[in-house]
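So the chains spell out like this:
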Amino acid sequence: MNTTKKSIGNYRWTICCLLFFATTINYLDRQVLSLTWKDFIAPEFHWTNNDYGNITALFSIFYAISLLFAGRLVDLLDTKKGFLLAIGVWSIGACLHAFCGIATSGSITGNWLVGFEGAKEALKTVKDSGMVINVSVALFILARLVLAIGEAGNFPAAIKTTAEYFPKKDRAFSTSIFNSGATVGALAAPITIPFIAKAFGWEMSFIIIGALGFVWMGFWVFMYDKPEKHPRVNAEELDYIQQDAVADSKLVGYVPENETKVTLMQCFKYKQTWAFAFGKFMTDGVWWFFLFWTPAYLSSVYQMDSTQAALPLFVLYLITLLSIIGGWLPTYFVEKKGMNPYDGRMKAMLIFAFFPLLALVAQPLGHYTYWIPVIIIGIAGAAHQAWSANIFTTVGDMFPKKAIATVTGIGGLAGGLGSTLINKGSGLLFDFAHKTWTTIDGQPFLQKFPQFATQPIPETFFKDLAKTGVVISDGIDKGYLIIFSICAVCYLIGWSVMKLLVPKYNPINDL
């Protein structure tokens, strides 16, 4: 008789790859604006740092609010339909950005029957730059709204899929793999988007990158189904995936999960929800700040254009791929040190929380070479992504599968609020620092140019001024020093409060 044991299948990792590519596309779509606004969009529409800060801050709040409802929608529609709807909406939103120039020109001049280049020429004839700024900013905000509504569905759906296809001990590792798509998307962005924009126009960069989501949808339709229904998942792999059901049934007070839908108010009753939400509030904004503002940082402080910044940004995000360790470390603590999944994750998160402290010296040491802050931001980004992979999986540790997307959405709302504060605050601070702390030949900038106290500084003003031979000391670097210092301590604060709210492993069985 043949007693050979059938091997465990690996289809779960195919699903993990799909999640990875969805997250990569998600972050590519987010990055198009940050990599094109300074060199291509701002000169056309006369934007300032504050204008860009307003757009990114509103995107953050749109994304935050949408996450709350996206999580609920994914739980109600279930994973397959929810993910399809999300990526379809955000791909449409990404492509809409390309038509903001035509819409701005049409709104002001009344001529809508122009192409991308025709819109640029028409806007050059408009003397009221304030009107161009207001209309264009409003239209980009509208496009970001659509993008945010769709992108909000990615992480609730991905975390729910991970909980469906992986046992608890593997979830941090699988989450770190798909979450590394954020890094790969950010990595691919600077070596593709600026060059697409330079060769074909900034509009085509939004259209080409936005279209990738529609391609992904075709793969998702044919490759995803619940593991218990999927013909590619064999019985041994299904047993491996569902091993936690047996272990959890032995816990004191265990109640089998029922099919009753959970409500938002039910989730808010638990300290576990508040712990996750506070951790996201304190730390999501740090990643979004680095994502949205690092290209502008290299431009403002080191006078790099988007193509010159491509290599530093590529290296920066290459470093963040170290975040894959974030998924392995808690597995090591669980399997080798005998910890439960929650304790292993919290120990790993504490380790990762110390690395962002390096950001305290990023700007001071940046006076020697820009590579120092680039490397430090890369390390901080890697620490964030490792932290992120683990904080996401604390939801799966504590909550039943039917509540995972909803709780993830609540945490996303909190993270979006934190991101809104840091993005809006950064835009205001950088414009303030640009005017107030800059000196021209040792004289305060506003004393020499008092007209700019009440009006924005033209984008090329300092570059043109530098050609006259004056000595310019731009105060914007002091603004970045302040924000970097805030980012440095956020993780330790977030971890401390999480540990205070949920000091030990305490899964919820009464939902």
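Right, let's walk through the structure included here.

1. A word on the overall build of the chain
In terms of regular secondary structure, the chain is built from 23 helices and three strands. Across its three principal directions, the C-alpha atoms of the chain cover 90 × 50 × 45 Å. Working note: accessible area of the chain is about 20,400 Å², and carbon and sulfur atoms make up 67% of it.

2. Some thoughts on the pattern of salt bridges
Taken as a whole and assessed by the stated rule, the structure comprises 11 salt bridges. What you see here is one network of salt bridges that share partners, running through Glu44, Lys120 and Glu203.

3. Describing the environment of Glu44
Within the secondary structure layout, Glu44 lies in helix H1 (residues 11-45). When its relative accessible area of 12% is taken as the criterion, Glu44 is described as buried. Glu44 sits 85 residues away from Ser129 along the chain, and the two C-alpha atoms are 9.9 Å apart. Not counting residues within four places of it along the chain, the set of residues in contact with Glu44 comprises Lys120, Leu123, Val132 and Trp202.

4. Quick notes on helix H2 (residues 49-77)
Along an α-helix, a turn takes 3.6 residues, which lines up residues three or four apart on a common side. With 29 residues, H2 should reach 42 Å at 1.5 Å per residue; the first-to-last C-alpha distance of 40 Å fits that figure. Burial of H2 is extensive: 22 of the 29 residues sit out of reach of the surface. Taken from the residues just after H2, Asp78 is the one with a positive phi, measuring 80°.

5. Observations concerning the packing of aromatic side chains
Counted by the stated rule, this structure contains 49 aromatic pairs. Ring geometry for Trp293 versus Phe430: centroids 5.1 Å apart, planes at 75°, classification edge-to-face. Of this pair, Trp293 sits in helix H14 (residues 271-302) while Phe430 sits in helix H20 (residues 401-436); the two residues are 137 residues apart in sequence, bridging distant segments of the chain. As far as the burial class goes, Trp293 and Phe430 line up, both buried. Above the plane of the ring of Tyr63 lies Arg30, whose end atom (NZ or CZ) is 4.7 Å from the centre.

Reading guide: rules and limits
- Residues numbered from 1 in each chain as written.
- Predicted model: local features only at pLDDT ≥ 70, side-chain atom pairs only at ≥ 80, totals over all residues.
- Heavy atoms only, no water.
- Helix = DSSP H or I, 4+ residues; strand = E, 2+ residues; numbered from the N terminus.
- Areas by Shrake-Rupley, 256 points an atom, 1.4 Å probe, with all protein chains shown as cover.
- Salt bridge = Lys/Arg side-chain N within 4 Å of Asp/Glu carboxyl O.
- Buried < 20%, exposed > 50% of the residue type's maximum accessible area, 1.4 Å probe, protein only.
- Contact = heavy atoms within 4.5 Å.
- Expected span 1.5 Å × (residues − 1).
- Phe/Tyr/Trp six-rings, centres within 6.5 Å; stacked < 30°, edge-to-face > 60°.
- Lys NZ or Arg CZ within 6 Å of the ring centre and 35° of its normal.

Such coordinate-based values are descriptive only and should not be taken to indicate function.
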